[in-house]
Amino acid sequence: MGNEERPEKSSGARRKRKGRVYITPERCKGCAYCVEFCPNHVLALAEHFNQKGYHPPEVVNADACVGCGMCGMYCPDFAIFGVRIKANKKKSNNKKADAA
Ligand code: SF4
Ligand code: SF4
């Protein structure tokens, strides 16, 4: 897990996995599980407070996110989740042509 890379099927080039993390700060209670369990150190607790008086996480290293979802798995309050982004996807509406 983490920074693994997989070969690009069509070209043989290697493509780094990309992800994006979404935070709902007002749900957060500042436990920092997401910060601690993120394998790529994408997150840190913010200096500001949310409405409940806790420090929510903020993204400090967005490019390192691979969308593994660990942050969301450990969050007890469903305040954060990560998703993978499909990078370098061809824009085509012709599925038959793509399959050929
Ligand atoms: S999805 Fe969450 S745990 Fe995974 S790399 Fe991105 S911020 Fe870190
Ligand atoms: S794991 Fe959830 S509740 Fe804990 S700091 Fe992260 S977002 Fe907030």
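Residues numbered from 1 in each chain as written. Chains lettered and ligands numbered in written order. Predicted model: local features only at pLDDT ≥ 70, side-chain atom pairs only at ≥ 80, totals over all residues.

**Q** Sorry, what's going on with the confidence of the model for the protein here?
**A** With 71% of its residues at a pLDDT of 70 or more, the protein shows a mean pLDDT of 83. In this model, residues 1-12 is a region of pLDDT below 50 whose contacts with residues beyond four sequence positions or in other chains number 14 contacts. (pLDDT = per-residue confidence, 0-100. Contact = placed C-beta atoms within 7 Å.)

**Q** Even after reading the chapter, I still don't get unusual backbone geometry, so can you show me in this structure?
**A** Peptide bonds are trans in most cases, and residues, glycine excluded, mostly fall at negative phi. The phi torsion at alanine 32 lies on the positive side, around 75°, for a residue other than glycine. Here alanine 32 lies in the loop between β3 (18-23) and α1 (33-37). Of the residues examined, alanine 32 has 16 C-beta atoms within 10 Å and is grouped as partly exposed. With phi around 55°, histidine 41 is a residue other than glycine that occupies positive phi space. Note that histidine 41 resides in the loop between α1 and β4 (43-45). (Helix = DSSP H or I, 4+ residues; strand = E, 2+ residues; numbered from the N terminus. Buried ≥ 20, exposed ≤ 12 C-beta atoms within 10 Å, placed from the backbone.)

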